[in-house]
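Residues per chain, in single letters:
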Amino acid sequence: KSSPEIFGSLFQSVMNSVERRELGAHYTEEANILKVINSLFMDDLRQQFEAAKKTAKAKRTEAIHALHKTMGSLRFLDPACGCGNFLVVAYRELRRLEDDIIGELFAEGQLLDISTMQQCHIGQFHGIEIDEYPAQIAKVAMWLTDHQCNQRTAERFGQTRPSIPLTDSAEIINTNSLRTDWPQADYIFGNPPFIGHQWRSVEQQDDCAAIFPKDGKFGKMDYVACWYVKAARIMQQQPQVQTAFVSTNSICQGEQAGVLWAWLFAQGFEIFFAHRTFQWTSAAAGKAAVHCVIVGFEHADSSGREHRTKFLFVYSDIKGPPERREVANINQYLANGASVILPSRSNPPAGLNKMTKGNQPTDGGNWILTLSEKEALES
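Residues numbered from 1 in each chain as written. Predicted model: local features only at pLDDT ≥ 70, side-chain atom pairs only at ≥ 80, totals over all residues. Heavy atoms only, no water.

This part takes up helix H6 (residues 132–157). Between its first and last C-alpha, H6 extends 38 Å over 26 residues, near the 38 Å set by a 1.5 Å rise per residue. Taken together, the buried positions of H6 are occupied by Pro134, Ala135, Ala138, Ala141, Met142, Thr145, Asp146, Gln148, Cys149, Asn150, Thr153 and Phe157. Positioned one or two residues after H6, Gly158 has a phi angle of 110°, which is positive. (Helix = DSSP H or I, 4+ residues; strand = E, 2+ residues; numbered from the N terminus. Expected span 1.5 Å × (residues − 1). Buried < 20%, exposed > 50% of the residue type's maximum accessible area, 1.4 Å probe, protein only.)

On to the packing of aromatic side chains. Under the defined criterion, the tally for this structure stands at 18 aromatic pairs. On the basis of an interplanar angle of 15° and a centroid distance of 5.8 Å, the ring pair of Phe76 and Tyr187 is categorised as stacked. Linking Phe76 in strand E1 (residues 76–78) with Tyr187 in strand E4 (residues 187–190), this pair joins segments that are 111 residues apart in sequence. When sorted by exposure, Phe76 lands in the same class as Tyr187, which is buried. Cluster of aromatic residues (ring-pair linked, three or more members): Phe41, Phe76, Phe86, Tyr91, Phe125, Tyr187 and Phe189. One residue, Lys35, lies across the ring of Phe278, its end atom 4.1 Å from the ring centre. (Phe/Tyr/Trp six-rings, centres within 6.5 Å; stacked < 30°, edge-to-face > 60°. Lys NZ or Arg CZ within 6 Å of the ring centre and 35° of its normal.)

Another point: the nonpolar core. Residues Phe41, Leu45, Phe125 and Phe189 are the most contacted members of the largest nonpolar core, which totals 53 residues. Elements supplying a minimum of two residues to this core: helix H3 (30–53), helix H4 (57–73), helix H5 (85–105), H6, E4, strand E5 (242–248), strand E6 (269–279) and strand E7 (291–299). Sort the elements by how many residues they give to this core and H5 lands first, with eleven residues. Setting aside residues up to four positions removed in sequence, Phe125 forms contacts with Phe76, Leu87, Ala90, Tyr91, Leu94, Met142, Ala170 and Glu171. (Core = buried A, V, L, I, M, F, W, Y, C linked by side-chain atoms within 4.5 Å. Contact = heavy atoms within 4.5 Å.)

Moving on, we get to the packing of H4 against H5. Running from amino to carboxyl end, H4 crosses H5 at an angle of 155°, the nearest separation of the two axes being 11 Å. With respect to H5, the axis of H4 lies roughly antiparallel. Of the two elements, H4 crosses H5, and the hand of that crossing is left-handed. Of the residues in H5, those in contact with Arg60, Thr61, Ile64, His65, Leu67, His68 and Met71 of H4 are Leu94, Leu97, Glu98, Ile101, Ile102, Glu104 and Leu105. In terms of residue class, the contact of H4 with H5 is made up of eight nonpolar, three polar and three charged. (Axes fitted to C-alpha atoms, helices over the stretch in contact; angles between N-to-C directions. Parallel < 35°, antiparallel > 145°, perpendicular 65-115°, else oblique. Left-handed = near helix turned anticlockwise from the far one by under 90°. Nonpolar A, V, L, I, M, F, W, Y, C, P; charged D, E, K, R; others polar.)

If you want it as structure tokens, here you go:
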């Protein structure tokens, strides 16, 4: 049986470092995908299942059936899907929960044809990918995952729907995600490209100009911020939609935190879960040497979420497991505190020198001193 990591790992391994940088093509390993989808929707679905099982006997079956039907109607979108790892893991986890639901309703071996009970299918999953080859891999990966899920269900319950012929498929669109309408979805998630503003191509600069608000200082935002802004505009029209992205931690630090989150908070958005900085890990050659965060956000007008419990995942060791903390609020720095935005200003306070360059190693080495140069300046 294949791991979903194989597809992204193999594709990334045949790309050189320049190609990876231009596309921001660094796939997410399964452990980090689970961090996203569990907090975004799987934990909630599992909790609903546990609650339904505890419903009074007369309404218990009805409650479980209702949840099962809801699961079959949900739609999922990764708008920068690469080789489809997020979609693969999300579908697999949804099918695992569905098997548990069917097992709760029927004794194993009781159904002659389990397909009559199955609600979840790969047609609920949608992806957008700018590169043709990973887009094709993503579609095949979803077919393979569906086959594996059907085999697992059949081993537990007996006859299930056949994987062949291929009558259903995930929708994988091969195009520029920032220049096309996104498919309808209840949950938006993924790992958009990691590209700093100074590394953007001409086309990526044009994407930013088309996506970023005109009334903010978005010029130096990382490219990934485009996906936050585009998702937010969809969520303003459809407040029930929830979004979570893996990103470089720079969007929640310094100047960028004030720009992106000032705009999002002003549009009525809140962060309802987040993983603070952790070390990127993957099994691929040439993996990204970056520190990441995960941010889940929703619109404050989302129905039925007035008393949403917010969780902050904190890492004492950025290479280790996180500690989950229940918090009152998550601000733009992914801290448990008030969302107070510090405005930028071009002039220093009275009596202080003007800063021309902060602690950012993008100056071509011209501001980096050797030990002898440092000592010469100090003498």
